[in-house]
Amino acid sequence: MKKMRTPYLIFMFLVLSLPILYLVFYSFNAGTTMQGFAGFSFKHYSELWQDTRLIDIVLETGIVALLSSLLATIIGTLGALAIFRVHRRTIKGVLLSLNNVLLVSPDVIIGAAFLILFTTLKLSLGFMTVLLSHIAFSIPIVVLMVLPRLKEMNPDLVLAAQDLGARPTQVLGQVTIPVITPGIVAGFFMALTYSLDDFAVTFFVTGNGFSTLAVEIYSRARQGVSLEINALSTLIFLLSLAIALAYYFINKVGKRAKTPELKEKVK
Amino acid sequence: MVETQPILEFSQVALSFGETEVLKQIDLALEPGKFYTLLGPSGSGKSTILKLISGQLHADSGQIFFEGQVINDVPAEKRRVNTVFQNYSLFPNMNVFDNVAFGPRLKKLPAGEIETKVKEMLALVKLAGYENREISELSGGQQQRVAIARALANDPEVLLLDEPLSALDYKLRKDLQQELRRIQKRLDITFVFVTHDQEEALAMSDWIFVMNDGLIQQNGTPEDIYDEPINHFVADFIGETNIVPGIMKEDYLVHFVGKDFENVDAGMRPNERVEVVLRPEDLDLTDPENGKLVVTIKDQSFRGDYYEITAMDDDLNTWQVQATNPAEVGARVGLTFDPEDIHIMRYNESEEAFDARLESYDEEEAEAALQAARDDETGREEQGQ
Amino acid sequence: MTMSFKKQKKGFTSFYMGIYGLWLLAFVIAPLLLLLFKSLQTQGGHFTLANYQTFFTSGPYLAMTFNSIWYAFLITLITLVFAYPTAYFLTTLKNKQFWLLMVILPTWINLLLKTYAFIGLLGQGGLVNSSLTGLGFHPVQLLFTDWSFLLVAAYVELPFMILPIFNALNEIDPLLTAASQDLGANNWQTLRKVIWPLSMPGVKAGIQAVFIPSLSLFMITRLIGGNRVITLGTAIEEHFLVTQNWAFGSTIGVILIVAMVITMLLTQDKQKGGRS
């Protein structure tokens, strides 16, 4: 089995990276299709640079992602604190189940249900409804990221702080929040990923005036291939690569700095 | 030392993890049917030896023999040894029966035979009737018994036990120590037991290997190792002890804490610098005028069957004493001991040289010399009166 | 002093619960109830069970439902077959977290971009067909076939199968593998008897994470499947955004939710002996 390991993993890596590499490759095509390379050129990048509509959409997508994940992180953290402090097991169970409904529901259901909600409330579809939807579907993952940190937290810490005369605000700010920060950060990044990756929900709840990148690509792709999209994909991919690697190494360095004693013990 | 054909042998075995040398040139030979203990602090390499025997690790150099055959490249599953792991490592997805039946089933034994085997093994570890229990329903001690039964169900020639009792509480540990010894005697197979607990090692073993820094420091019977530790590390690791620097003026005469003492060691260079070992239980309290040493009691604590006393002599050496009667803190008392209680350790003496030196002088000669010295002393005392 | 601390803390907790509860009410409970109400209404807004009746008596809808479940099953199976060895091999590597990231990372672009890439890869002159012609075969119609739908859907869902299985495998005590080998099991026997059963929670989580969304991948059916494959998700999108028959769309939505709950119940972990 050991002999199969490396070839298999390389094969999977190639298969999984093939589509994005294909997009990147053809973003430098002098021709206009993803079929047959007609020479190297940056022309699709300059087209992209001049396509103000697409650039606006990218910026708006980013704004929705950042705003929604920020708000979802705040509400989700409060939710985790609330659920953590519920002592009745049944109520806790119900809250957790409700929390997870949006996580397991197919996007189409969420999109359709939110669409009914917004029209019932007579909200006009556009930026606000998209933002509200993104906040809504990102909250549960934040809760799930923060809750385990709260459970791991030594309850004596809070008692000790209280014993030393800390006010509840001080306990929260100086004991609880620092301990659960890794969970909050992870939750924020998950929310960001959810928002950037979403297509279906946005597709349902957006109106004529507002579009995110995914929705825009969908409508453009239905009309045929445009290598501007390839150029954009390349840039997005490089950005996410940089963020992911940075996140990984920061995490790794942080863990190493914090747990030397633990590693000693494992040895 | 080993007369029968060893069941397991290490010849010049070494292993490194990156820069760290975990084992440096290990030689050892194990006879069949004995209870061996690898004793040492964590990081000494004792568990590494176990993993080399079981096949979880492979040596960088040197050879490992099993019944005379080199087994360096034999995979773990083909070796006729089994392991009892420190944290039990029972399969949580199987019940007690399935855990114990794991090995026999792999051997494709008939179902009836498997059942007999499992029942026999569970009876051996006193868990008859526990077949259908889930692992999570068992206590730590019971889990460890299942782990022992599981390993023994494979009929190993050698059973490896990797600190199997360290997670259990004191009472349970005592019980299981006796039981392991009983099982080993009954099955008459070789046990290799790894522990950092010297009491456990002394209580259970036929033969102990004391390890430190990837080297075997000393090996021998529990009595040998306790009574004649080869160096500071072994003396200190095997129980409470007093170690002071001294000078071996001549055979059977050692100088420490400013006085000369008769003893029973010989074979060293005249005026060689040595370390002197006196076990706390060999020291007796007496009046200051009758004491070979005079000390001040600094601290004492009751240990159930004795008092542990910490005292200090005028040269500010600390002495640990185990006494049956309490003393008074702050009092000046004498300490006495017999010449036989003094054990001398040379600096950097190898195990071979140590053994050779012990053989080189006649114990009777030592006794005779001692007797002569005593007569001399009594003579002088008589003259004085 | 302590009383006021408790009181103050209680006040905070109610405040947190208030905000979080508001979200639960507005965005979890209300939308689902609205969806249910909508499915029980005529287009004009009167109460009716007609939508359900239509659904369960219409051959095409039942066939589509069956089809949708069948395709979701196939997608789940394909991803499991490829994901399990990937996750297993990854956990045996030294820097496993890093290599996991390397394998997953290329898929971290928007779903639509991945789908879009396949339009190029599978197109008439795309990589797959030009490789085929290069090898002397005739080019084939790949885009807008059932196979292309399965391929792209499986590709898109693969990371969601790899991750939970990887996590479950990663949590297995490596000493259990050592114990199994110590007792005479070879690698394959260890995998079958120890690792596979212990990784079941991850496999089940992966099945949940892949099967349910696979029932509703409407954009892939549109862009790659060429509307040949109609899933429950495609039907919902059609009714909401094309034909504007929200009542019937909601009916299909409720049925999808029921299918989802059944899937969850089937793959739920039985709490056996207190260990999870």
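Conventions used here
Residues numbered from 1 in each chain as written. Chains lettered and ligands numbered in written order. Predicted model: local features only at pLDDT ≥ 70, side-chain atom pairs only at ≥ 80, totals over all residues. UniProt positions renumbered as here; feature names shortened; annotations may be inferred. Pairing = 2+ DSSP bridges. Helix = DSSP H or I, 4+ residues; strand = E, 2+ residues; numbered from the N terminus. Axes fitted to C-alpha atoms, helices over the stretch in contact; angles between N-to-C directions. Parallel < 35°, antiparallel > 145°, perpendicular 65-115°, else oblique. Left-handed = near helix turned anticlockwise from the far one by under 90°. Contact = placed C-beta atoms within 7 Å. Nonpolar A, V, L, I, M, F, W, Y, C, P; charged D, E, K, R; others polar.

The name that an unreviewed UniProt entry assigns to chain C is Spermidine/putrescine ABC transporter permease, with the source organism given as Fructobacillus ficulneus. Taken from UniProt, the Sequence similarities (unreviewed entry) comment for chain C reads in full: "Belongs to the binding-protein-dependent transport system permease family. CysTW subfamily." We quote the UniProt Subcellular location (unreviewed entry) comment for chain C here in full: "Cell membrane".

Chain B carries the name ABC-type quaternary amine transporter in an unreviewed UniProt entry, which gives Fructobacillus ficulneus as its organism.

Asks: Please clarify how the sheet that holds strand 1 (residues 8–17) of chain B should be interpreted in this entry.
Replies: What links the strands of a sheet is backbone hydrogen bonding, and the strands pair in either a parallel or an antiparallel sense. Residue and element names in this part refer to chain B. Overall, antiparallel pairing links the 4 strands, which are arranged 2-1-4-5 in an open sheet. Two strands lie at the open edges of the sheet, namely strand 2 (20–30) and strand 5 (69–70), each paired on one side alone. Pairing of strand 4 (residues 61–66) with strand 5 involves 2 bridges; the strand directions are antiparallel. For Phe 65, the partnering residue across the bridge sits in strand 5 and is Val 70.

Asks: What should I look at first to understand the packing of helix 2 (residues 96–106) of chain B against helix 3 (residues 111–124) of chain B in this one?
Replies: The description of two helices packed together rests on the angle between their axes and the distance between the axes. Residue and element names in this part refer to chain B. In contact at an axis separation of 9 Å, helix 2 and helix 3 are set at 125 degrees when each is read in the N-to-C sense. Between helix 2 and helix 3, the angle is such that the two are oblique. Seen from above, helix 2 lies across helix 3 with right-handed handedness. Residues Phe 97, Val 100, Ala 101, Pro 104 and Arg 105 of helix 2 touch helix 3, and the partners they reach there are Ile 114, Lys 117, Val 118, Met 121 and Leu 122. Grouping the constituent residues of the contact of helix 2 with helix 3 by class yields 8 nonpolar, no polar and 2 charged.

Asks: Got a minute to help me understand the interface of chain C and chain A in this structure?
Replies: Across the boundary between the two partners, chain C contributes 73 residues, which contact 62 residues of chain A. In terms of residue count, the dominant contributor to the side of chain C that touches chain A is helix 1 (residues 2–39) of chain C (19 residues). Counted by class, the side of chain C that touches chain A contains 51 nonpolar, 18 polar and 4 charged residues.

Asks: Honestly, the UniProt feature "transmembrane region" (unreviewed entry) in chain C in this entry has me stumped. Any pointers?
Replies: Those places that UniProt annotates as "transmembrane region" (unreviewed entry) correspond, in this numbering, to residues 12–37, 69–91, 98–127, 147–166, 205–225 and 245–266 of chain C. Secondary structure across residues 245–266 of chain C comprises 95% helix and 0% strand; the distance between its end C-alpha atoms is 32 Å.

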